[in-house]
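# Chain and residue survey
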Amino acid sequence: MMYTLAIQLVNLFAAGMLLLAFAMLAQRRILTLIHLYALQGLALTASTVTVAWATGQAHLYESAAITFALKVVVLPWILHRLIRRLNVKWDVETLINIPSMMLVGIVLVVFAFNLALPISEFSRSIARGTLGIALACVLMSFLMMITRSKAVPQVIGFLSMENGLFFAATSATYGMPMVVELGIALDVLVGMVILGVFLFQIRERFDSLDIRHLEKLKDD
Amino acid sequence: MDALAMLLAVPLAGAACLWLVGEREAAPEINAAASFLTLAAAAWLTAEVVSDGPFAAFHEQFFVDPLNVFLVALTAFVGFTTSLFSAPYMRNERDKGRMTPARLRLYHGMYQLFMLTMLLALTSNNMGILWVAMEAATLTTVLLVSVYRTPASLEAAWKYFILCGVGIAQALFGTILLYFAAERVLGAQGHALLWTHLDLVKHQLEPAIMSLAFVFLLVGYGTKVGLVPLHNWLPDAHAEGPTPISAVLSGLLLNVALYAVIRCKVLAEGALASHFAAHMMMAFGLVSTVTAAFFLSRQRDIKRMFAYSSIEHMGIMTFAFGMGGPIANFAGLLHMTVHSLVKSAIFFAVGHAAQKAGTQVMDEIRGLLRVSPRVGWGLMIGTLAILGMPPFGVFTSEFLILTTAMREQPWATPLLLLALGVAFAAIFGRVQPMVFGETTLGRLPYQPALAPVFVHLALALMLGLYIPPYLAAWYRQAARLLG
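What counts and what doesn't
Counting of residues starts from 1 at the beginning of each chain's written sequence and follows it residue by residue. Here the convention is simple: chains get letters from A, ligands get numbers from 1, in the order in which they are written. Confidence filtering applies because this is a predicted model: local features only for residues at pLDDT of at least 70, side-chain atom pairs given and counted only at 80 or more, and all residues used for totals across whole chains, interfaces and linings. Side-chain metrics in this entry use all non-hydrogen atoms of the structure; hydrogen atoms and water are not considered. To qualify as a helix, a DSSP run of H or I must reach at least 4 residues; to qualify as a strand, a run of E must reach at least 2; elements of each kind are numbered from the N terminus. The globule rule used for comparison is 2.2 Å times the number of residues to the exponent 0.38, while the radius of gyration itself is calculated over C-alpha atoms. Relative accessible area decides the class of each residue, using a 1.4 Å probe on protein chains only: under 20% of the type maximum gives buried, over 50% gives exposed, and in between gives partly exposed. Contacts between residues were defined by any pair of non-hydrogen atoms, one from each residue, lying within 4.5 Å. Joining two parts hides part of their accessible area as seen by a 1.4 Å probe, and the buried area is that hidden amount summed over both. The term salt bridge refers to a pairing of a side-chain nitrogen on Lys or Arg with a carboxyl oxygen on Asp or Glu at a separation within 4 Å. N or O atoms within 3.5 Å of each other form a polar contact, as long as, within protein, one can give a hydrogen and the other can take it, and as long as residues adjacent in sequence are counted only when both atoms are side-chain atoms. Polar here means any residue outside two lists: the nonpolar Ala, Val, Leu, Ile, Met, Phe, Trp, Tyr, Cys and Pro, and the charged Asp, Glu, Lys and Arg; Gly therefore counts as polar. Distance thresholds for patches are 9 Å for like charges and 5 Å for nonpolar side chains (Val, Leu, Ile, Met, Phe, Trp, Tyr), applied to residues having over 30% relative accessible area and no salt bridge. Every accessible area reported is derived by Shrake-Rupley at a probe size of 1.4 Å, with residue values counting cover from the shown protein chains alone.

Our next topic: the overall build of chain A. In terms of helices and strands, chain A carries seven helices and zero strands. Start at the N end of chain A and walk to the C end: the helices and strands fall as α-α-α-α-α-α-α. The C-alpha atoms of chain A give 18 Å as radius of gyration, which agrees with the globular expectation for 220 residues (17 Å, within 12%). In terms of overall dimensions, chain A has a C-alpha envelope of 55 × 35 × 35 Å along the principal axes. For chain A, with 220 residues in total, the buried portion stands at 58%.

Listed below in structure tokens is the structure:
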């Protein structure tokens, strides 16, 4: 009983993550994008806690705590500070052709499910059905990074790809060994700080965060 | 074990120390001293492995075998010589106003941290920590690539960060899949990501998962190796950063990334009955070699050109390790060594030449021999060495790779020969007028440190003429580990 409930809950949170990935793909406003990213982190935390509760894997609680602290609190906070200091808080990006991007997104989801199907059959995790969703989230973040021309949304795409990967780790297995998870969290945090410094450098040089300025280096 | 602790502690302490010292006059010397201590620790570690054989340490989180100890020694050595080269180079940059005190502090601190991440990646037994260290290596160098704050360098650093970040994310997915496959055999937590344990049970790992995992790992770490078509970040990052960083990126980081690929290949080969992993690596290697060779002649910037040459050589090594077998692996390891030595020597010479000319555009650098014969000869000899002229070591390794290819993969040989020929024509034609002829260059306040250039070239020459028996035995052991 509890087990089926847990599976349903995990599937619910996974569906939430996928919907949020679609929402991020179509979102033009930077501020809303950060909120969506924090929500995705929350869905990830919730699904990790559910798996931990249903299976009694104690270390998953720690993993969920790290996820919560990093992806719902610290990183969104850094992003908020960053967009305030960079004065891009109310920026609206012009996205061309949202409907066709949604269609590409759907194709990616189908592709991800096909790719994940043979692997998830080997999995003993209760969340094994969601491996496809995790892979889809990764691919959609990839698509988001390709289609965005502003620096901050690209960074958010990058971070959301990392969310998808973490979700893959909990859905295929019961999370990576603790030392690895800590190392990854440290990398993400340091990476974010370095990116913050870096965005200021870009703005100082180009007076804008539009990375179309950053397409000059080519092999002629 | 003490040696291992020292190896990792010295760069960390060095980074902290350099951060405190900041822009004081002695900072480059402290950087060199820390690098020297790292080299001493690497030598000690090597001696331990030679006398006692491979060992694991710290709850098996670290391990050292002939394969990685050889790369540790190489990394520490080139790290030390680069720090020697960097001292006068950076002082010249400071006098030109391109390096402010704050940037120098960042540069020296990050240099040591970069060494630490590479040594950690090499000695870690945990495939997850290997990933963490590879990502950290990108993070430590991204601000160094953009250190001049020119539009081009910012663009290069952004590309470097995003492309390597995305690439390495693929490798993380591969690592997760690897853990997934291993956990079914080794049980959750603990040992399932330790390479020594994985190596013992590699035949039991689920082939369907492992083949997918290897694709992701190869694409992920391959981005950092600079394999075509994932190489876009590499020429930019090499050309726009300070030259010492170009030297360590090209000479060391690419090696470490390739090391990660071959560790994964050993596991994938064991799990899969087919030669899937080998064929993937051969294909990527060959495409990289040929593509990079054709890009060489289109370059105007000297550091960009040698960056493409690095892609070409990494392609050759990937191809060699893909073929596998005792001779190809031996040749691949030898090529790794001589490429690191020669390419970093070339970057040292190029750095001084570009500093004298005040530009990296090849058409504006002329007549190096008139102004500073040693830089000119260093560049010329280095170029001949990297192009595979006998009697340098690059010739030996390329010869071994080509003859093995002729026997085992005959279809690939003409392509490899074509690439080598095109590369020769492109690079030699460019470098020759830069070295000879009338000059346009000026003098610099700080005398360049050219000892590293000639020491590296002399070692490459020695490896071409005579490989000491213990070194050969060592390569053979490492080659055997790779199967």
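Moving on, there is more to tell.
It is worth spelling out the interface of chain B and chain A at this point. Contact with chain B, which involves 50 residues of that partner, is made by 49 residues of chain A. Surface buried jointly by chain B and chain A totals about 4,500 Å² across both partners, of which 73% is contributed by carbon and sulfur atoms. Of all residues in chain B, the largest losses of buried area upon contact with chain A belong to E155(B), W158(B) and F180(B), amounting jointly to 16% of the total for that side. Put simply, chain B and chain A have zero salt bridges between them. Applying the counting rule to chain B against chain A returns four residue pairs in polar contact (both at pLDDT 80 or more). Listed by contribution, the elements that provide at least two residues to the side of chain B that touches chain A are α5 (127-145), α6 (151-186), α8 (207-225), α9 (233-240) and α12 (302-323) of chain B. If one sorts the elements of the side of chain B that touches chain A by residue count, α6(B) sits on top with 23 residues. By residue class, the composition of the side of chain B that touches chain A is 29 nonpolar, nine polar and twelve charged.

Attention now goes to the side chain of T413(B). Looking at the element boundaries, T413(B) is found in helix α17 (residues 412-435). Non-local contacts of T413(B), meaning those with residues more than four positions away in its chain, are made with L402(B), A405(B) and M406(B).

Residues and elements named next belong to chain B. Note that S83 resides in helix α3 (residues 66-95). The exposure class of S83 is buried, given its relative accessible area of 0%. Dropping the residues within four chain positions of it, S83 is found in contact with N31, A32, S35 and Y111.

Here we take up a nonpolar patch on the surface. Residue and element names in this part refer to chain A. A cluster of nonpolar side chains, namely M2, L5, V49, W53 and Y61, defines an oily patch on the protein surface of about 440 Å² accessible area. Breaking the nonpolar patch down by element, the ones donating at least two residues are α1 (2-26) and α2 (30-55). Tracing the backbone through its elements, the reader meets W53 in helix α2.

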